[in-house]
Amino acid sequence: MIPLRLLFEKFFLYVFVYAFTTSFFSNCAGDEMQLKKTEPTFAEIALIIYKNCTPCHRNGESGPFELMTYEDVKKNINKIKFVTQTRYMPPWPADPNYTHFTDERILANEEIELIKRWAENGAPKGNAFVPSPPLFHKGSFFGKPDTVIKFKQAVPIKGNGTDHFYIVKLPIQLKKDTFVRYFEFVPSQRQLAHHVNGHLINYLKDNKKDIEKGLTFALDDFKDYKELYRQMNILNDDGTFPVLTPNTVYYLPGYAPPVYSNGIGGYQISKNAAILLKNIHYGPSNQDVVDSSYINVFYGPKPKRPIFETQLGTFGISKIEPNLVLLPNKIQTFHTKATINQDISILSVNPHMHLLGKSFWAFALSPNGDTIPLIKIKKWDFRWQYYYTYKQPVIIKGGTTIHVYGTFDNTNKNPFNPNHPPKMVTEGEGVRSMQTTEEMFQFIFSYLPYQPGDEFLKPD
Ligand code: HEC
């Protein structure tokens, strides 16, 4: 006996095959009208563009031109066809055949094909109703912030054709302790801002008299951190280091911080606090500019479950094997691993290498031998280092080991190699390893100590 459900399925399959073949043959029979109908119009293309391109290609964002209207898209159609065929755009280095993340921007093969056909047909607008472009809040992914923290002084950046790395201190003085749901960095020079990473400093009661004093920024060539922190008046009044909450402010073009409800994540800011933007990286330019960026602050409830963060590799909890010494004209692979001793729910991961990175792979091996995929990047791209957030947390049982492999290409074939001929490159030390010409191999991840039900957690 065939179960009833199967019969039903078969029935629909037959109807589908029948419908498909009849329409196919009637198309083939030279029914021109019917054929034209199936050609894409802007109405279909617009949906692909709005979702995958417009968030960055709009006024005030990082994309070099706008993709909002039919005219914008038509004008750039040859370029669009090219960058989608080659999968250069939208930028998304993580391999979608390995793991999936929220806000994943990847075109399906059919979408790329549709864009190509539309382009080759002369990019017609068509008569179908075109939905309007999505609404964006100016200067924010989220809407109107509760407050804004501005740079105290604009940072002058020389147009000397080199990268710039700098530190900025933004003092915060509040009437009372406050809870923040998230911070959003808004760069004033979108085309140049590559990457920003900032920490929150909460000063304990009475150990900081005047946070406003001291240097507010330092550009490029600082070497001695302790001395720099003294000049910037970052240290506690008794000279000790204050406690930082790392990576509270993170920026990458097109990146929006993941946000969870129900008191998951968020920060407490004490009355006396500061944001220290420690790794601001601006790309080279030939024009002098000033950076007067700011941070949008969105208040929230008191965090019930703070998010933790840790890292393997450079500056992290695990050693790189062998040592990260990149010999000239060599492609080399390095490994680092750490065993996690408690049950955790991993929310996001952030692979980090510099210009010589070639590929990156992280997975976990549970004590019973299961492999848990975390992330694979087949073709490393220094410019697009996202914090990748899982659609639902990856649950890691205590006793599980995280393995990370990184391959580096220190040959002339690597188009991003800054040295010709290639020379030996190492991790460097302290702040200097932030320089893109030195290397890093890091796997950062954010997590919650596991609680039952975390399997179903979703960012808002
Ligand atoms: C995450 C932000 C982001 C998204 C999403 C994005 N772009 Fe871009 N796009 C950029 C930036 C930044 C540049 C300039 C730097 C570069 O070329 O890498 C750029 C460059 C381009 C270029 C110019 C290439 C050249 O050198 O002339 C084209 C064409 C383009 N994007 C089309 C698209 C299309 C089509 C989509 C969607 C399918 C898209 N972009 C999605 C940020 C983005």
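Coordinates for the structure precede this section.
Described in the following lines is the structure provided in the data block. Everything numeric here is computed off the predicted structure, so don't read it as measured data. (Residues numbered from 1 in each chain as written. Predicted model: local features only at pLDDT ≥ 70, side-chain atom pairs only at ≥ 80, totals over all residues. Heavy atoms only, no water.)

**Let's talk about the pairing of strand S16 (residues 357–365)**
Side-chain direction in a regular strand flips from residue to residue, so the side chains alternate between the two faces of the sheet.
Moving on, step 1. Sheet analysis places S16 next to strand S19 (residues 400–409), joined by eight bridges and oriented antiparallel. Looking at the pairing, Gly 357 lines up with Phe 408 of S19. (Pairing = 2+ DSSP bridges. Helix = DSSP H or I, 4+ residues; strand = E, 2+ residues; numbered from the N terminus.)

**Comments concerning the sheet that holds strand S15 (residues 344–353)**
Moving on, step 1. With respect to topology, four strands assemble into an open sheet ordered S12-S21-S15-S18, the strand pairing being antiparallel. Of all the strands in the sheet, the pair left with one neighbour each is strand S12 (308–313) and strand S18 (388–396). Put simply, the sheet's adjacent strands are angled 35° from each other on average, direction ignored.
Moving on, step 2. Bridging between S12 and strand S21 (residues 441–449) involves six bridges; their strand directions are antiparallel. From the neighbouring strand, Gln 311 faces S21, where its bridge partner is Ile 444. (Axes fitted to C-alpha atoms, helices over the stretch in contact; angles between N-to-C directions.)

**So, the pattern of salt bridges**
Moving on, step 1. Applying the stated criterion across every chain, the model contains eleven salt bridges.
Moving on, step 2. For Arg 181, the salt bridge is made with Asp 460, and the minimal N-O distance between the two is 2.6 Å. In this pair, Arg 181 sits in strand S4 (residues 178–186) while Asp 460 sits in the segment after S21, placing the two residues 279 residues apart along the sequence.
Moving on, step 3. Looking at Arg 181, the relative accessible area reads 28%, which means it is partly exposed.
Moving on, step 4. What you see here is one network of salt bridges that share partners, running through Arg 58, Glu 61 and Arg 190. (Salt bridge = Lys/Arg side-chain N within 4 Å of Asp/Glu carboxyl O. Buried < 20%, exposed > 50% of the residue type's maximum accessible area, 1.4 Å probe, protein only.)

**Focus: the nonpolar core**
Most often, soluble globular proteins keep nonpolar side chains buried together rather than apart.
Moving on, step 1. In this structure, Ile 346, Phe 360, Ile 375, Ile 402, Phe 443 and Phe 445 are the most contacted members of the largest nonpolar core, which totals 44 residues.
Moving on, step 2. Of all the elements in the fold, those that place two or more residues in this core are strand S14 (331–340), S15, S16, strand S17 (371–377), S18, S19 and S21.
Moving on, step 3. The contact partners of Ile 402, leaving out residues within four places of it in the chain, are Leu 312, Thr 336, Lys 337, Ala 338, Ile 340, Ile 346, Phe 363, Ala 364, Leu 374, Phe 443 and Phe 445.
Moving on, step 4. Tyr 166, Leu 170, Phe 185 and Ile 269 belong to the second-largest nonpolar core, a separate cluster that totals 28 residues. (Core = buried A, V, L, I, M, F, W, Y, C linked by side-chain atoms within 4.5 Å. Contact = heavy atoms within 4.5 Å.)

**Examining the coordination of the iron atom of the ligand**
Octahedral six-donor coordination of a metal ideally yields angles of 90 or 180 degrees, compared with 109.5 degrees for tetrahedral four-donor coordination.
Moving on, step 1. Looking at the metal site, the iron atom of the ligand is ligated by His 57 (NE2) and Met 89 (SD), spaced 2.1 to 2.3 Å from it.
Moving on, step 2. Residue His 57 is classed as buried on the basis of its relative accessible area of 10%.
Moving on, step 3. A relative accessible area of 25% places Met 89 in the partly exposed class. (Donors = N, O, S within 2.8 Å, 3.2 Å for Na, K, Ca; no water.)

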